[in-house]
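Overview (structure and organization)
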Amino acid sequence: MGFLDLFRPKWKHSDPAVRIEAVKEFTAEDDAGLLAQVVRQDSDARVRRTALKKIADPGLLDELAQRDPDESLRKDAADKAVELLVSAALQDSDEARALTAVGRISAQRTLADIAVRSSLESVRSAALQQISDDRCRAEVVRRGSSDSTLRTRALAAITDTDVLRDLACSDAVKEVVVMAVGKLTERETLEAVLRKAKSKAARSAAQEKLDAMSPQPAGKAVGTGPAPKARTQNKQASERPAS
């Protein structure tokens, strides 16, 4: 222990082990400022990690995820930030807080999970609105059985043919598979649905679209050939004996 350590708070001690023990005594509520200072300034990653475990500010965690010199600590900070935001998004006691949390999440699979799991319609809708990946939209379609409106909106936004084909061939509810088939336009894809779909409704919808695409059998055009009266007269003329 150095002489100056006698006059320093323990969280600034020259020995990292002493600093770690001091940080362990901090609380997220009462010592948020000190935790932020430690996690930003301490030279020892072990001390910073101890502080990280007590931080409950997603904004500070995002900062650490970008700027901390230790790679594993950056990852832990990013993971914890997402965990806190998801927790805030899924609680139902403070709608404004939940919506704010959703607005700070960019991970597509995480947004899909919130869109399915939240008990608040506004939060489910906000999460869906931020999803741009069609496969994650499809996840909402598959799992969002309790909210048919949300499920329909998610499916309506999907444009990827492969994703639509997979939905059409899945064991999703009739409404979903039929709507997915309705968005398909390529013959080859519809034929694949006809062969592989688990749902009879999907196969029937695919067959109807294929039938509509097939050219109609060629028939005699209207107005071709002699009129009925003319045909009768011609027949009678042919049957008269020659004079």
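Summarised in this report is the structure supplied together with it. (Residues numbered from 1 in each chain as written. Predicted model: local features only at pLDDT ≥ 70, side-chain atom pairs only at ≥ 80, totals over all residues. Heavy atoms only, no water.)

1. Looking at the overall build of the protein
Summing up its helical and strand segments, the protein has 15 helices and 0 strands in all. Within the protein, the fraction of its 243 residues that count as buried is 38%. When contacts within the protein are restricted to residue pairs at least 6 apart in sequence, those whose partners lie at least 24 apart make up 46%. Of the roughly 14,800 Å² that the protein leaves accessible, carbon and sulfur atoms contribute 49%. (Helix = DSSP H or I, 4+ residues; strand = E, 2+ residues; numbered from the N terminus. Buried < 20%, exposed > 50% of the residue type's maximum accessible area, 1.4 Å probe, protein only. Contact = heavy atoms within 4.5 Å. Areas by Shrake-Rupley, 256 points an atom, 1.4 Å probe, with all protein chains shown as cover.)

2. Overview of helix 9 (residues 134-143)
Within helix 9 the residues assigned to the buried category are Asp134, Cys136, Arg137, Ala138, Val140 and Val141. The N-capping residue of helix 9, defined by a side-chain oxygen 2.8 Å from the backbone nitrogen of Arg135, is Asp133. (Polar contact = N/O pair within 3.5 Å; in protein donor to acceptor, adjacent residues only side chain to side chain.)

3. Focus on helix 1 (residues 16-24)
All of the buried residues in helix 1 are Pro16, Arg19, Ile20, Ala22 and Val23. Around the axis of helix 1, the buried residues are gathered within 165° of arc, so they sit on the same side. Buried residues belonging to helix 1 abut helix 2 (32-41) and helix 3 (45-52). You can read the cap of helix 1 off the contacts: a side-chain oxygen lies 3.0 Å from the backbone nitrogen of Ala17, and it is on Asp15. (Arc of directions from axis to C-beta.)

4. Observations concerning the pattern of salt bridges
Using the criterion set out here, one finds 19 salt bridges in the structure. Among the ionic pairs, Asp76 bridges to Arg49, the shortest N-O distance being 2.2 Å. Here Asp76 is found in helix 5 (residues 71-90), whereas its partner Arg49 is found in helix 3, with 27 residues between them in sequence. Accessibility expressed as a relative area gives 30% for Asp76, which makes it partly exposed. (Salt bridge = Lys/Arg side-chain N within 4 Å of Asp/Glu carboxyl O.)

5. Quick notes on the nonpolar core
Membership of the largest hydrophobic core comes to 44 residues, with the highest contact counts inside it found for Val102, Ile114, Val140, Leu155, Ile158, Val181 and Val193. The contacts of Ile158, once residues within four sequence positions are left out, are Asp134, Arg137, Ala138, Val141, Val163, Leu164, Leu167 and Lys183. In this structure, Trp11, Ala36, Val39 and Ala51 belong to the second largest nonpolar core, which totals 20 residues. (Core = buried A, V, L, I, M, F, W, Y, C linked by side-chain atoms within 4.5 Å.)

6. Re the environment of Ala192
Here Ala192 shows up in helix 13 (residues 187-196). Judged by its relative accessible area of 9%, Ala192 falls in the buried class. Once the C-alpha coordinates of Ala192 and Arg165 are considered, the two residues, 27 residues apart in sequence, prove to be 8.1 Å apart. Setting aside anything within four residues of it in sequence, one finds Ala192 in contact with Arg165, Cys169 and Ala197.

7. What about the side chain of Arg48?
You can see Arg48 is positioned in helix 3. When neighbours within four sequence positions are excluded, Arg48 is seen to be in contact with Val38, Val39, Asp42, Ser43, Asp68, Pro69, Asp70 and Leu73.

8. Thoughts on the side chain of Asp68
Among the structural elements, Asp68 can be located in the loop between helix 4 (58-67) and helix 5. Among the residues examined, Asp68 registers a relative accessible area of 5% and is labelled buried. Not counting residues within four places of it along the chain, the set of residues in contact with Asp68 comprises Val39, Arg48, Glu63, Leu73 and Arg74.

9. Things to note about the environment of Asp79
Following the sequence through the fold, Asp79 ends up in helix 5. Residue class for Asp79 comes out partly exposed when judged on its relative accessible area of 40%. The sequence separation of Asp79 and Asp62 amounts to 17 residues, and the corresponding C-alpha distance is 9.4 Å. One polar contact links Asp79 to Lys75, side chain to side chain, over a distance of 2.9 Å.

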